[in-house]
Amino acid sequence: MAGISGHWAFAFGVLGNIVSFIVFLSPLPTFYKIYKKKSTEGYQSIPYVVALFSSMLWIYYAFLKTNTTLIITINSFGCFIETIYVGFYLFYAPKKARVQTVKMLLLSVVGGFGVIVLVTQFLFKGAARGQAVGWICLVFSLCLFVAPLGIVRKVIKTKSVEYMPLLLSVFLTLSAVMWFFYGLLVKDINIAIPNVLGFILGIFQMVLYIIYNKKEKAILKEQKLSEKIQNHVIIVDENNNQKLPELTEEQIIDIVKLGSLISSGKIHVASCLHNSTCGVEAAKVEKVPKLQTAEA
């Protein structure tokens, strides 16, 4: 059983590495935009500094444990790619943003990580040191998973999914699933527990995306329809050259919808005006007044 569990743990660890590798590469389109604009306006460096700090913490934790090669590989890549992101950001950032980023680096990467290493090395020994660092990683990972709730709040408030990329949410959810099973199989709660929350929040984000994406499409459809009827429609009787009352917006919408049905051949309509009697025979059908459009 232990051998089978070990094989499954290795499989989920490899899958976790693959999915996390894709997640680490997800900011590339953002940095391509920064390169094209030669400016970081509208973008913040916080996610990349935090991701760098997280990768460093997990590497430190992995070195204190045994059989954690898969944790070391993906977080080593994370440190490498996040360092490039931060360096790229500093190169194109304006002076104010550059100073803020350097401060965050000194506070978290140098100060925070340095303090954690010193405290755990001097105050804890043996297995207790690994447990202490593991709990720090657990708490920090929970904070990272809770961070996207700000975006969730923005989606609910604006009723727009513009700031919630679906693909990234899918890969983050998959990553949480892989690392949860890996942590479960290697019996490491510090890896398993944070990914339970990551999975729940990932599913929540995807459901939210589906709901508000449908609403957004419905709103766009209504806007396109309203654009078609921006001009007022006036009915003119050619026989006595008199203008009939202007149609209301609701009536105009009905006419546009009816016209689309008639043009598609789905229905056939015979109509007349001024409450006059319409015959069903083709020979007795009176001339229908012409529809003209007049700009508002």
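Refer to the structure printed above.
Residues numbered from 1 in each chain as written. Predicted model: local features only at pLDDT ≥ 70, side-chain atom pairs only at ≥ 80, totals over all residues. Heavy atoms only, no water.

Enquirer: Would you explain the packing of aromatic side chains in this entry?
Expert: Each pair of aromatic rings is reported with the distance of its centres and the angle of its planes. Per the counting criterion, the structure on display carries 15 aromatic pairs. Measuring from centroid to centroid gives 5.7 Å for F31 and F88, while their planes differ by 80°, and the two rings are edge-to-face. Of this pair, F31 sits in helix α2 (residues 28-37) while F88 sits in helix α4 (residues 69-92), placing them 57 residues apart in sequence. Here the aromatic rings of F53 and F140 are separated by 5.0 Å at their centres, their planes lie at 85°, and the arrangement is edge-to-face. Here the residue F53 occupies a position in helix α3 (residues 46-64), and F140 occupies one in helix α6 (residues 127-146), the gap between them amounting to 87 residues. (Phe/Tyr/Trp six-rings, centres within 6.5 Å; stacked < 30°, edge-to-face > 60°. Helix = DSSP H or I, 4+ residues; strand = E, 2+ residues; numbered from the N terminus.)

Enquirer: Mind showing me how you'd approach unusual backbone geometry here?
Expert: Peptide bonds are trans in most cases, and residues, glycine excluded, mostly fall at negative phi. With phi around 60°, K38 is a residue other than glycine that occupies positive phi space. You can see K38 is positioned in the loop between α2 and α3. Despite not being glycine, K187 shows a phi value in the positive range, around 60°. Tracing the backbone shows K187 in the loop between α8 (166-185) and α9 (189-228).

Enquirer: How do you make sense of the nonpolar core when you look at a structure like this?
Expert: Side chains of a nonpolar character, in soluble globular proteins, are inclined to be buried together. In terms of nonpolar packing, the biggest core is built from 39 residues, with L57, I71 and Y182 touching the most fellow members. Those elements that provide at least two residues to this core are α1 (2-25), α2, α3, α4, α5 (95-123), α6 and α8. The biggest single contributor to this core is α3, with eleven residues. Beyond its immediate chain neighbours, meaning those up to four positions away, L57 contacts F113, I116, V133, I136, C137 and F140. Residues V152, M164, L208 and Y212 belong to the second largest nonpolar core, which totals seven residues. (Core = buried A, V, L, I, M, F, W, Y, C linked by side-chain atoms within 4.5 Å. Buried < 20%, exposed > 50% of the residue type's maximum accessible area, 1.4 Å probe, protein only. Contact = heavy atoms within 4.5 Å.)

Enquirer: What's the story with the environment of L64 in this structure? I'm lost.
Expert: With respect to the helices, strands and loops of the structure, L64 is situated in helix α3. Separated by 64 residues in the primary sequence, L64 and A128 place their C-alpha atoms 10.0 Å from one another. Once residues lying within four places of it in the same chain are set aside, the contact partners of L64 are R129, G130 and V133.

Enquirer: Just checking my understanding: could you explain a nonpolar patch on the surface for this structure?
Expert: Nonpolar side chains collect at one region of the surface, where V115, L118, V119, F122, L123 and F124 lie side by side and expose about 610 Å² of accessible area between them. Assessed through its relative accessible area of 64%, L123 is described here as exposed. (Patch = residues over 30% accessible without salt bridge, like charges linked within 9 Å, V, L, I, M, F, W, Y side chains within 5 Å. Areas by Shrake-Rupley, 256 points an atom, 1.4 Å probe, with all protein chains shown as cover. Salt bridge = Lys/Arg side-chain N within 4 Å of Asp/Glu carboxyl O.)

Enquirer: Help me understand the environment of T120 in this model?
Expert: Take T120: it is sitting in helix α5. For T120, a relative accessible area of 2% corresponds to the buried category. Considered as a pair, T120 and Q131 are eleven residues apart in the sequence and their alpha carbons are 9.9 Å apart. Those residues within four positions of T120 in sequence are excluded, and the remaining contacts are Y60, R129 and V133. A polar atom in the side chain of T120 sits 2.8 Å from the side chain of Y60. (Polar contact = N/O pair within 3.5 Å; in protein donor to acceptor, adjacent residues only side chain to side chain.)

Enquirer: Could you clarify how one ought to interpret the packing of α3 against α5 in this entry?
Expert: Relative placement of two packed helices is described by the angle separating their axes and the distance separating the axes. The interhelical angle for the contact between α3 and α5, taken along N-to-C directions, is 15°, at an axis separation of 10 Å. Here α3 lies roughly parallel to α5, going by the angle between them. By crossing handedness, the relation of α3 to α5 is classed as right-handed. Of the residues in α5, those in contact with I46, V49, L52, F53, M56, L57 and Y60 of α3 are T101, M104, L105, S108, V109, G112, F113, I116, V117, T120 and Q121. Across the contact of α3 with α5, the residue classes break down as 13 nonpolar, five polar and no charged. (Axes fitted to C-alpha atoms, helices over the stretch in contact; angles between N-to-C directions. Parallel < 35°, antiparallel > 145°, perpendicular 65-115°, else oblique. Left-handed = near helix turned anticlockwise from the far one by under 90°. Nonpolar A, V, L, I, M, F, W, Y, C, P; charged D, E, K, R; others polar.)

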